[in-house]
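Structure at a glance
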Amino acid sequence: MTRERGTSILYVHCHGLADEPLHRQLLDLIAEYTPTVQALPPDAALADVTGALGYFGTDATALAERIRARVAGLYGLRATIGVAGNPLLARMVAADGPPSAVRTLPDDLDAVTAFLAGKHPALLHGVGPATARTLATYGLDSIDKIAATPLGTLQRILGAGAGHRLHSAAHGLDPTAVTPAAPSRSLTVRHDFPHDELDPDRRHTALLTLTDRLGLRLRAEAQTTRTLTLTARYADRSTTTRTLTLPEPTAHTRTLTTHARTLHDRLALQRARLRTLTLHADDLLPAAASSRQLLLDPTDDKARRVEAVMDLIRERFGHESAHPANS
């Protein structure tokens, strides 16, 4: 299946995922692509990648393939990802075949109708065995038959609210938005180099990318961080980690960059063959509860105002529409 415009909801199901810390890591991984991630414990999540497509210069199916590959590489788990125009269809297309795959349902009326035709009503999220048995007594044993039934008839069978919801679902409609869970207790961003990296300039550029992404995510969740950890992973798979407690909580990209550079210098990489840089923010606090020392520095205030404007531009036009200046 190919992606059509509007197909931007991902349902990510990890097979064999059973512990809460690993589920949290899955959420953090997906949040590297979009801040709009809804936890579905113990082994799944929903994500709306609408705003990320321009930033990454690709489509939702390609992003899903990246996520699936990284889940396998990092955690050794198989993931099945459904890509569709809403959460209902994303769940259904994920379940429509063997595990460990990315399946996409185009956001197109004919494609959705063909996909739903002949399927059992119990496959619709929210339709339990009792409702399915009730529908079967009226001969409504497939989704296409339900879709062809007048709304009033369904409401007489199931009640006004349940009948309306079923009528919409049978037509592939789902008004439910992806709702991010409570703010994360920690945030992680990661940069994988395409080969063993020795160039200090490329490492510097990667570090700027990490602090930009981390700052954007913190501000999107109205959070600040008090602790930064930078981990370098080398070609031989060994790692080195450095942690820094910040003087005050922050979500300001320029401040994060300054402290991340300090951590980078402490790694003393020199001629190390680097494969991955990971920046981790801990000790998160709500931005409203975080105090900031007044510096009386007009350049700092200006930088924060520019940052706020860039955030608004990115929210409206996509992440690729604005970038901080390299410094």
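Residues numbered from 1 in each chain as written. Predicted model: local features only at pLDDT ≥ 70, side-chain atom pairs only at ≥ 80, totals over all residues. Heavy atoms only, no water.

1. Concerning unusual backbone geometry
Here the bond from Pro 41 into Pro 42 is cis, since omega is 5 degrees, no more than 30 degrees from zero. Relative to the helices and strands, Pro 42 is located in the loop between strand E2 (37-40) and strand E3 (44-48). Phi angles above zero are rare outside glycine, and Arg 237 is one such case at about 75 degrees. Taking relative accessible area as the criterion, Arg 237 reaches 67% and is therefore assigned exposed. (Helix = DSSP H or I, 4+ residues; strand = E, 2+ residues; numbered from the N terminus. Buried < 20%, exposed > 50% of the residue type's maximum accessible area, 1.4 Å probe, protein only.)

2. A word on the environment of Leu 173
On the secondary structure map, Leu 173 appears in the loop between helix H9 (160-170) and strand E6 (187-197). Judged by relative accessible area, which is 51%, Leu 173 ranks as exposed. Between the alpha carbons of Leu 173 and Val 112 there is a distance of 9.6 Å; along the sequence they are 61 residues apart. For Leu 173, the contacting residues outside a window of four places in its chain are Asn 86, Leu 88 and Ser 168. (Contact = heavy atoms within 4.5 Å.)

3. As for the environment of His 204
Assignment of secondary structure puts His 204 in helix H10 (residues 200-220). Given the relative accessible area of 32%, His 204 is considered partly exposed. Distance in space between the C-alpha atoms of His 204 and Arg 261 is 8.4 Å, their sequence separation being 57 residues.

4. Structural notes on the packing of aromatic side chains
In this structure the tally under the stated criterion is 2 aromatic pairs. Taking 5.3 Å as the distance between ring centres and 40 degrees as the angle between the ring planes, the aromatic pair formed by Tyr 33 and Phe 56 counts as tilted. Of the two residues, Tyr 33 is situated in the loop between helix H1 (20-31) and E2 and Phe 56 in helix H2 (residues 53-56); the sequence distance between them amounts to 23 residues. The class of Tyr 33 is buried, set by a relative accessible area of 7%. Given a relative accessible area of 21%, Phe 56 falls into the partly exposed group. With a centroid separation of 4.9 Å and 90 degrees between ring planes, the pair formed by Tyr 55 and Phe 56 is classed as edge-to-face. (Phe/Tyr/Trp six-rings, centres within 6.5 Å; stacked < 30°, edge-to-face > 60°.)

5. Topic: the sheet that holds strand E5 (residues 102-104)
With mixed pairing, 5 strands are arranged side by side in an open sheet as E2-E3-E1-E4-E5. The two strands at the open ends of the sheet, each matched to only one other strand, are E2 and E5. The sheet shows a mean angle of 15 degrees between the axes of neighbouring strands, direction not considered. Pairing of E2 with E3 involves 4 bridges; the strand directions are antiparallel. (Pairing = 2+ DSSP bridges. Axes fitted to C-alpha atoms, helices over the stretch in contact; angles between N-to-C directions.)

6. Focus: helix H11 (residues 253-267)
Here H11 contains 15 residues, and its C-alpha end-to-end distance of 21 Å stays within 8% of the 21 Å for a straight helix at 1.5 Å per residue. All of the buried residues along H11 are Thr 253, Leu 256, Thr 257, His 259, Ala 260, Leu 263, His 264 and Leu 267. Count one or two residues on from H11 and you reach Ala 268, which has phi positive near 50 degrees. (Expected span 1.5 Å × (residues − 1).)

7. Describing the side chain of Thr 104
Note on placement: Thr 104 falls in strand E5. Among the polar contacts listed, one links the side chain of Thr 104 to the side chain of Thr 61, at a separation of 2.7 Å. (Polar contact = N/O pair within 3.5 Å; in protein donor to acceptor, adjacent residues only side chain to side chain.)

8. Observations concerning the nonpolar core
Counting residues in each nonpolar core, the largest one holds 29 residues, and the members touching the most others are Tyr 11, Met 92, Leu 105, Leu 116, Leu 124, Ile 146 and Leu 166. Going through the elements one at a time, strand E1 (9-15), E3, helix H4 (87-94), helix H5 (109-116), helix H6 (129-137), helix H7 (143-147), helix H8 (151-158) and H9 are the ones with two or more residues in this core. If near-sequence neighbours (up to four positions away) are discounted, Tyr 11 is found in contact with Leu 40, Ala 44, Ala 45, Leu 46, Thr 80, Ile 81, Gly 82, Ala 90, Arg 91 and Ala 94. Counting 27 residues, the second largest nonpolar core, distinct from the first, contains Leu 22, Val 71, Leu 77 and Val 83. (Core = buried A, V, L, I, M, F, W, Y, C linked by side-chain atoms within 4.5 Å.)

9. Digging into the packing of H8 against H9
It is the contact of H8 with H9, at a shortest axis distance of 7 Å, that shows an interaxial angle of 135 degrees. Put simply, H8 runs oblique to H9. As H8 packs across H9, the resulting crossing turns out to be right-handed. Between H8 and H9, the residues in contact are Leu 151, Leu 154, Gln 155 and Leu 158 and Ala 160, Ala 162, Gly 163, His 164, Leu 166 and His 167, respectively. For the contact of H8 with H9, the per-class residue count stands at 6 nonpolar, 4 polar and no charged. (Parallel < 35°, antiparallel > 145°, perpendicular 65-115°, else oblique. Left-handed = near helix turned anticlockwise from the far one by under 90°. Nonpolar A, V, L, I, M, F, W, Y, C, P; charged D, E, K, R; others polar.)

10. Section: the confidence of the model for the protein chain
Averaged over the protein chain, the pLDDT score is 85; the fraction of residues at 70 or greater is 85%. Predicted confidence for residues 293-297 stays below pLDDT 50, and this span has 2 contacts to residues more than four positions away or in other chains. (pLDDT = per-residue confidence, 0-100.)

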